[in-house]
Amino acid sequence: MSETGRETIFYLDHMVAQPGCAQALLEFYMSDYVPQAKTRGMTLVHQWVTPPLWLKKQSNELFIIWSVEGVQAWWNATRLRRADPSFLRFWEDAKPMIVSRRRLFLSDVNDVEGLCDV
Amino acid sequence: MFRVTKVLTAAEGADTTALINGLSLTARKGLNVLKSTLEPTLPEATTGGDYIWQLQFAGEWEYRAWLDEAGREAASILNDAARVRHVDAVSYKDGRTGSKRRLHRGVYRLLLISVNKAPDAASVAQFEDETYEMGSYIPGILRWRISRVQEASGARPWTHIWEQEYQDLDGFLKSYMLHPHHWAWINRWYDPECVEHMIDNHLCNSFCNFQRSVREPENGS
């Protein structure tokens, strides 16, 4: 549980990779997306994969977790991302390696009450 | 109820008193106009012009009748580049409306939206439902309405108008902007990096103070 007003906000990029492409997709994400996002105030927290081996003929799923401290920091990062076309270019370039993806915003369940008390 | 909302940006050096009086006169001349409000926008209206002009009619027929009479004068004023630099305008029937309590004064906020990348009608309906639900979840929103636009002009082919009323500006700046129903949920329709994204990045976001609820017809009272 975080301090009220400074709750940690998490981003989850969930990507289902094309069969055999997960490792290349992750490398591309790390080299192209991550440096840009870090300059926008986002902190890379986890890079998870399931199953934990690189499948050759089937799809791995990647879970990339980011965080920012507080909702204001979330808005700051969002405004900076939207003003920078390189983020969209990344997703466009990565598209051939992705079956499906989703971005979700999360918090610790213990922070829900504080986040909604506005 | 049928409504017209126009967000005006005055021309550089224009006589704004004459502009307001001229437009208000076209509303007073229209027998079918139930209510007209023309309020200066608040400084927080970053993409929201200098004035918000709103007209209410009993129905679309009454609106069309006004357009053919005093509405022509209004159009002439609004099309005069020496007086008005830009107008974003929408006309619409009332969409889904919610209310927690009546407000006699407060802050009115509108957002003109162009849903131009929707994959299907179901996504648009879901967006409308979720936008309406913001009023239920976010304490600062006291009255609200999401409407589909019938006619639009201005910077984008606006498809929706999302209207809210707050007790004060903090209701918007704090409650609305900081609530997770906004940034962690609804925002995915607006965020180009989310796969659900379907709304044009350019929005018309405007605010004004009001003395009586702009969503309530006066009906001559």
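What counts, and where the lines are drawn
Residues numbered from 1 in each chain as written. Chains lettered and ligands numbered in written order. Predicted model: local features only at pLDDT ≥ 70, side-chain atom pairs only at ≥ 80, totals over all residues. Helix = DSSP H or I, 4+ residues; strand = E, 2+ residues; numbered from the N terminus. Buried ≥ 20, exposed ≤ 12 C-beta atoms within 10 Å, placed from the backbone. Contact = placed C-beta atoms within 7 Å. Pairing = 2+ DSSP bridges. Axes fitted to C-alpha atoms, helices over the stretch in contact; angles between N-to-C directions. Core = buried A, V, L, I, M, F, W, Y, C linked by C-beta atoms within 7 Å.

Asker: Tell me about the overall build of chain A, and please be specific about residues and values.
Answerer: If you tally the helices and strands in chain A, you get 4 helices and 4 strands. For chain A, the N- to C-terminal ordering of α and β elements is β-α-β-β-α-α-β-α. Here chain A holds 118 residues, and 19% of them are scored as buried. Within chain A, residue pairs in contact and separated by at least 24 positions form 82% of the contacts whose partners lie at least 6 positions apart.

Asker: Explain the sheet that holds strand β1 (residues 8-17) of chain A to me, and be specific about the residues and the numbers.
Answerer: All names here are of chain A. Within the open sheet, the 4 strands sit side by side as β2-β3-β1-β4. Their pairing is antiparallel. With partners counted over all chains shown, the strands left at the sheet margins are β2 (43-50) and β4 (98-106), one partner each. Averaged over all pairs of adjacent strands, the angle between their axes in this sheet comes to 15 degrees, without regard to strand direction. Judged from the 7 bridges that link them, β2 and strand β3 (residues 61-69) form a sheet pairing that is antiparallel. Counted as the bridge partner of leucine 44 is tryptophan 66 from β3. Against the sheet, helix α1 (residues 22-39) engages β1, β2, β3 and β4, with an angle of about 15 degrees to β3. On the sheet, helix α2 (residues 71-82) packs against β1 and β3 and is oriented at approximately 115 degrees with respect to β3.

Asker: Tell me about the interface of chain B and chain A, and name the residues and values.
Answerer: Interface size is commonly expressed as the accessible surface area that is lost when the partners come together. Each partner contributes residues to the interface: chain B has 13 residues there, and chain A has 16 residues. The set of elements that each furnish at least two residues to the side of chain B that touches chain A consists of α5 (169-178) and α6 (180-183) of chain B. With 3 residues, α5 of chain B is the largest single contributor of residues to the side of chain B that touches chain A.

Asker: Give a description of the nonpolar core that names residues and reports values.
Answerer: A general feature of soluble globular proteins is that nonpolar side chains tend to end up buried together. Residues Ile52, Phe57, Val90, Tyr108, Leu112, Ile141 and Ile161 of chain B are the most contacted members of the largest nonpolar core, which totals 50 residues. With sequence-adjacent residues up to four places away left out, phenylalanine 57 of chain B is seen in contact with Phe2, Asn32, Val33, Leu34, Glu62, Tyr63 and Trp66 of chain B. Among the nonpolar cores identified, the runner-up in size contains 20 residues, and Tyr11, Leu25, Tyr33 and Ala37 of chain A belong to it.

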